Structures are given as structure tokens and as C-alpha cells.
Amino acid sequence: MRLCKALLFLMIASWAFSPSFAQTSPQTVKAIRFGKLIDGTGKVLTNALVIVRGDRIESVGSGASQIPDGAQVIDMSAYTGMPGIIDAHTHMTYWRDKKVQTDPNEAIGKLLPQELVFLAQENARNSVEIGVTTIRDMAASNYSDLAMRNLINRGAMVGPRMFVAGPAMEAGAPVPRYGNVNPWVFPAQGQASGVAEVVRLVRQELDAGTDLIKMFGSTGGFNDVETHQTFTLEEMQAAAEITHTMGKRIAIHSYGPEGARDAVKAGADTLEHAINIDDATLAEMVRKKTVYVPTVYHNIWYVENYKEFGWSESDNQKILAYEHASEETTRRAIKAGVRIAMGSDAVYELFGHNTEELTYLVKSGMTPEQAIAAATVNGAAALGMEKDLGSATPGHYADLVAVQGDPLTDISVVVHNVRWVMKGGEVLVDKTKPAAH
């Protein structure tokens, strides 16, 4: 009898600490006061009060709005609140051991997928520290990004909410992308040639559990800034059609104008990186509501760190020229009215500096308000999740950030002065309290 009682106690205890049990327990209520709140819809509230129930925002008011009985009060009245930041283009599993002084692309090739998932927690934490509460992960070998997403969703790993693309799709080439490295890390995954193979591969990746499809519509990446288109218009159209039929979204990587033109014609939901986009394509992007993710800053980061990758000075100059073209194309897209989302294209030590992209969006012609929209509501649009993410309004996830200063007059406030971060109603970062001694 005693053994039975003991077993029953252990079963109840295990249920009590399981994620499913936590979901059925009473939802906690939090009341957060902000000096100002940028809500993501164009409104700025003074003396704002945000009521959070569970993982969602229940109400947003100002002034003497009533606090529910029993609510936990969080005083951020010395700070400006805004929605959690969405980074629409990352590579979370690109982790670097800074003790190993070799090309990080070679070093990562010596790690097993299980090691990468564990070690990449550092990238996830560094992103949350600067207010990034949601990311799109845009290519990871061996579906390691799915593993990270699932672990974060279970609460077993701290990190942003992840929407993942798996290995992504490349044209043909039965060889790894980054040379002679461990096939367990960079296997020949995700290759397709011809419409039938493209359709098969889209189904395979979505059936594996990816949240979206990422298609490499051109060359380009790291020190390769060539712009050659690699998939035909017909192949892109087939990918977009089957992806949309299966209820998902497709992002097409194109470094150059031809691939950009065909990606937009084909029905891409987002266009990644492209430079020198022609005026007709920009107009088509406005009409189709295609979201542009220019990823301007990461090339500056490469220019500053090219020696660590073992790249030549001539490579470095090509990257810098590409970055200048990226700024100019972004400037033209802003003037044309294209919807732009912030994407860092973060790899390695770039995590924790993701939001430097905002500095370059402003440099390319955005106002601070437009840059904040790129990092919030436009990021939600890139994901097709405007009803859940990107705004601090009732019904949305309680993803909130407190910054010190006025980000509407100085975007560096968002980049450098994040003091407090909430994701899904849980406080993950709090730098507002004096450090304990």
C-alpha cells in the first residue's frame, strides 16, 4: 500500500511539473506600467498600463486605468515600452567557439548536430538580451533549427520564439555549401532541379515540420556576393504555389535584380537581400505586398571581421561594394513604399548585435518610427502573424520591451538601451534593478 501511495505521489508530482499541467493551471495576471508605450499601430500612449493574462495582452490603457485585484505590478514607468523585436532573417545554429582561431565555417563543420543545438543556446540568449523575442531562422542543416524551436517552446531552452525553414532549398549541386566539411553538419540536403523535384522537396520540408520555405533563388552568401540566378521563374512559381497550397509562406533569397524580379513574379511572400531591384519590380512588390528583407548591416560586420574568415582583401572590397548597393536599394524601396522588415542575417558573434540593422535602415532613409515598424509589425507581416505578433495591443502575445530614452527621436535607444524584456508574459531580462553585491 505504501508503495502504491508513493508511486501515486510521484505521478502527481510529475504531472504538476509538466508543461501540459502548467497550461491548465490558473493564468497569472501582470500589470506593467510604462512612461510611454509605442504600441506598434502608430499610437504612443503616455503613462500606459498593459494588463497581461497568461501569455497574451488583455488590455492597454493609460493614466488611472484600473489594475485587476491580485495582479503582479511591474513598474517600468521610467522607460518607454514597445513590442518585442522581430528579427526576420537569422541563422541561429551558426555558433562559433571563440577559442578556436580558424575560419568559423570550417570549425562548425567539425561539430555534430546535437552539439550545435546545445551550443547555439548562446546565440539564442544573446538575441533575447537585446529585445529580440521572435526570429525567422532561414537555413540550418539536419533540421537542427526545428530542434531548437521545439526546445524553446517546451521551456527547456531560453530563446526567442522561432519560425524555421530547415535546410532550405538549393538548385541542383549534390555537394555541401561550404566546402569539405563534416557531412553530418553540412550534408547535401535540400537540392532540387526542375519543377517536379521542387514540388517534391517543398512537400518534404513542410512534412518534416518546417514553418516556412526558404529558397536560394541565386548565388550569394558570406564572401560570395555574386548575383547569378539559380532557379528559373517556373521553378520559383511551382515552389510558391505548392507552399501556399499547404498553407505556408515562402521566402526567396536573391542577391541580384533578375532573381528578385522572378521571385516577386512567382509570388514570394518575402524577398531576401536583393540589390539593384528595378523600379517595375519595386512597384510590383507594393502591389503584391511582398515584404523586403534587405539585411544591410551584416555585410559591414563581414567587412570588419573578414580576416577571421580568411578572406582576401579583394573579397572584402567586393563585400563593401555590395553593402553600398544594398543601402541604395533599400533607400529606393523606402521611397517606393515597399514594406520592409528588419533582418540581421546573424551568424556567429553577430548574435547580440542583431538590431544594428536598425541603424542602417535609418541611414538608408527610414525615420526611427519606420525602423521600429520594420522590427515589429512588418516582421509580423513577414511571418503572416499580424494578429499574434508585432503589436502591443489586446489579443497579441505579451512580447514587450522596455528601453531607456526616446526611440522615436533616436533609434540607437532600441539598439543599445534595452533594459527589460518580456516574452509570452514571462520576464526574461531585467536590467532595471541594481546589481546584487
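Before reading on, note that the structure itself is shown above.
Residues numbered from 1 in each chain as written. Predicted model: local features only at pLDDT ≥ 70, side-chain atom pairs only at ≥ 80, totals over all residues. Heavy atoms only, no water.

Participant: So what exactly am I meant to see when it comes to the sheet that holds strand 7 (residues 161-164) here?
Facilitator: Sheets are built from strands that pair by backbone hydrogen bonding, the pairs being arranged parallel or antiparallel. One open sheet accounts for three strands, arranged 5-6-7; its pairing is parallel. Pairing within the sheet leaves two strands with one partner each, and these edge strands are strand 5 (85-90) and strand 7. Strand-to-strand twist across the sheet, computed as the mean angle between neighbouring axes with direction ignored, equals 15 degrees. Examined bridge by bridge, strand 5 and strand 6 (residues 132-137) share four bridges and lie parallel to one another. Its bridge partner being in strand 6, Ile85 is matched across the sheet by Val132. (Pairing = 2+ DSSP bridges. Helix = DSSP H or I, 4+ residues; strand = E, 2+ residues; numbered from the N terminus. Axes fitted to C-alpha atoms, helices over the stretch in contact; angles between N-to-C directions.)

Participant: In this structure, what is going on with helix 9 (residues 257-266)? I would like to understand it.
Facilitator: For an α-helix, 3.6 residues make a turn, and residues three or four places apart therefore share a direction. Among all positions in helix 9, only Gly259, Ala260, Asp262, Ala263, Val264 and Ala266 are buried. Against the buried residues of helix 9 lie helix 8 (233-245), strand 11 (249-253), strand 12 (270-272) and helix 10 (279-288). Gly267 occupies a position one or two residues after helix 9 and carries a positive phi of about 105 degrees. (Buried < 20%, exposed > 50% of the residue type's maximum accessible area, 1.4 Å probe, protein only. Contact = heavy atoms within 4.5 Å.)

Participant: Sorry, what's going on with the side chain of His91 here?
Facilitator: Within the fold, His91 resides in the loop between strand 5 and helix 3 (104-107). Relative accessible area serves as the criterion here: at 8%, His91 is assigned to the buried category. Among all residues touching His91, those that are not within four sequence positions of it are Asp137, Met138, Ala139, Lys214, Asp345, Ala346, Val347 and Phe351.

Participant: Whenever I open this one, the environment of Met169 confuses me. Can you help?
Facilitator: Among the secondary structure elements, Met169 is positioned in the loop between strand 7 and strand 8 (170-171). The exposure class of Met169 is buried, given its relative accessible area of 0%. Residues Met169 and His253, 84 residues apart in the sequence, show an inter-C-alpha distance of 9.9 Å. The residues touching Met169, leaving out its near neighbours within four places in the chain, are Gly190, Val198, Leu201, Val202, Glu205, Ile213, Lys214, Met215, Phe216 and Phe231.

Treat this as a map of the structure, not an account of what it does.
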